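Examination of the molecular architecture
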Amino acid sequence: MSDLILNAAVLGVGMHLGAWRHRPESATSYVDLDFYREIGELAEAGRLHAIFLADTLAVSEENFERPNLGAMDPTTVLGAVAAVTKHVGLVATATTSYSEPYNLARRIASLDHLSRGRAAWNIVTTFIPDVAANFSKTPLPPHAERYARAEEFVDIVTGLWDSWEDGALVGDKASGLFADRDRVHALNHDGNFFAVRGPSTLPRSPQGRPILFQAGSSEQGRAFAARVADAVFAVQNTLSAAIAFRDDLRQRAVNFGRDPNSLKILPGLLPVIGGTEEEAQKRKKELDELAGDAELRKLASRVGVSVSELDLDKPLPIDRIKANDRFNSSRGFQAAAVELATSGNLTVREILYRNGGGHPQVVGTPEQVADFIESWHRAGAADGFNIMIDEYPSGLRAFVGEVVPLLQKRGVFQKEYRGTTLRENLGLEKSNDTLRTHEQRRSNYA
């Protein structure tokens, strides 16, 4: 069994759609520096591996009804958090669909150097049509094209990160040698989507290269993750499906010549914590009531049907969902919702109460949350979890103050950080890929 990994996912002021109304703090905290600094400090005090920031490039999913899940630029926010923390990792989400590889490689590498090796990039391929309208007249590309672009994009980014060999930056004042030109390599990439000469403006990362997270569960997404990712943000609602998903990705990694332990599978988990189960249920009920019908509309958009096709007291319309051949959104979320509905024979209302944005929920005591985490980890369903905090900062305080000590007492979770970089703390080897040519990378998608 691998060491348990725990990250705190930061989405607006909390994962629950009613969090902004329930919390006593300001509704505008999500644009306040002190809000993020407190999260970073709390996560580090709890020895969590990383904080994980979402990125949202349109307002459509929240429709001005709640703080946007990722309104602030993640690399900017995490740069501020880096200044007040020393160990916790900094995971920034950014899309390959509406970014340029050279600029993104530079932003993540800058964060990595400023944090002394704690940066990670969460790779996403945007599936929200309204985002496309913010960047050009071109509509959202189909799923397959988004992944083809992502394959090339990531190879360029990693190629730029590898363009400086270890030791290329010399800085010898006596001899006047600042950098060894022979150990810095141009990329000269000319592909299907991009042309990038390189090299990077920055030397090699303190951790070899920043960590790569990925969040796709489709067939293309799984193949992509098995080839390039260090960690996968998974959407899995049942233990059996989670075990099968992890086994599948680990075998795919082996097929790419990788050590399966070099790929960490981290499902999302939404805990709603109370001193007693009754207190937790009360908190959940209050949050649900304040969310209104926002959860229903979000579920409809994520599974590919209209709100009018969802009856709260009837099962999810599986046939209608599967018949939607125009579906161009998150296939991982859709598959997880269908799996939850069919395995538990649930109504739409029951799905909404149990489904934390596509992720499993545990509504209960710290012991019940710790039991869930430990049982999935020991069963081989997860290397750890991205904790989808229901409401910040109270939910994170409860998790760090009450759940983490239980996991530490059981010998499941770390009491101290194992190293200084995020790669070390995740139990991953330092990346040393400078000898592999960019032409070899291109063979993966050309």
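Note that this is a predicted model, so its numbers are computed, not measured. (Residues numbered from 1 in each chain as written. Predicted model: local features only at pLDDT ≥ 70, side-chain atom pairs only at ≥ 80, totals over all residues. Heavy atoms only, no water.)

**A closer look at the overall build of the protein**
From N to C terminus, the protein includes 17 helices and 14 strands. Computed over C-alpha atoms, the radius of gyration of the protein comes to 22 Å, within 12% of the 22 Å expected from 2.2 N^0.38 for 446 residues, which places it in the range of a compact globule. Along the first, second and third principal axes, the C-alpha atoms of the protein reach 75 × 50 × 40 Å. Sorting the 446 residues of the protein into buried and exposed places 58% on the buried side. Carbon and sulfur atoms form 50% of the exposed surface of the protein, whose accessible area is close to 18800 Å². For the protein, the distance from the average position of its 51 positive side-chain charges to the average position of its 58 negative side-chain charges is 2 Å. (Helix = DSSP H or I, 4+ residues; strand = E, 2+ residues; numbered from the N terminus. Rg over C-alpha atoms; globule rule 2.2 N^0.38 Å. Buried < 20%, exposed > 50% of the residue type's maximum accessible area, 1.4 Å probe, protein only. Areas by Shrake-Rupley, 256 points an atom, 1.4 Å probe, with all protein chains shown as cover. Lys, Arg positive; Asp, Glu negative; His and termini not counted. Charge placed at Lys NZ, Arg CZ, Asp CG, Glu CD.)

**Quick notes on the pairing of strand S2 (residues 50-53)**
Each regular strand carries side chains that alternate between the two faces of the sheet. Burial along S2 is two-sided: Ala50 and Phe52 and Ile51 and Leu53, pointing in opposite directions, are all buried. Taken together, the four bridges between strand S1 (residues 5-10) and S2 define a ladder with parallel strand orientation. Directly across from asparagine 7, in S2, lies its bridge partner alanine 50. (Pairing = 2+ DSSP bridges.)

**Section: the environment of phenylalanine 178**
Among the structural elements, phenylalanine 178 can be located in strand S6 (residues 177-179). Residue phenylalanine 178 is classed as exposed on the basis of its relative accessible area, which comes to 57%. Leave out the neighbours within four places in its chain, and phenylalanine 178 touches Ala168, Leu169, Val170 and Gly171. (Contact = heavy atoms within 4.5 Å.)

**Let's talk about helix H6 (residues 143-161)**
Structural remark: α-helix, 3.6 residues per turn; residues separated by three or four positions point the same way. Between the first and last C-alpha of H6 there are 27 Å, a value that for 19 residues agrees with the 27 Å anticipated at 1.5 Å per step. Counting buried residues in H6 gives 16 out of 19 residues, a clear majority hidden from the surface. (Expected span 1.5 Å × (residues − 1).)

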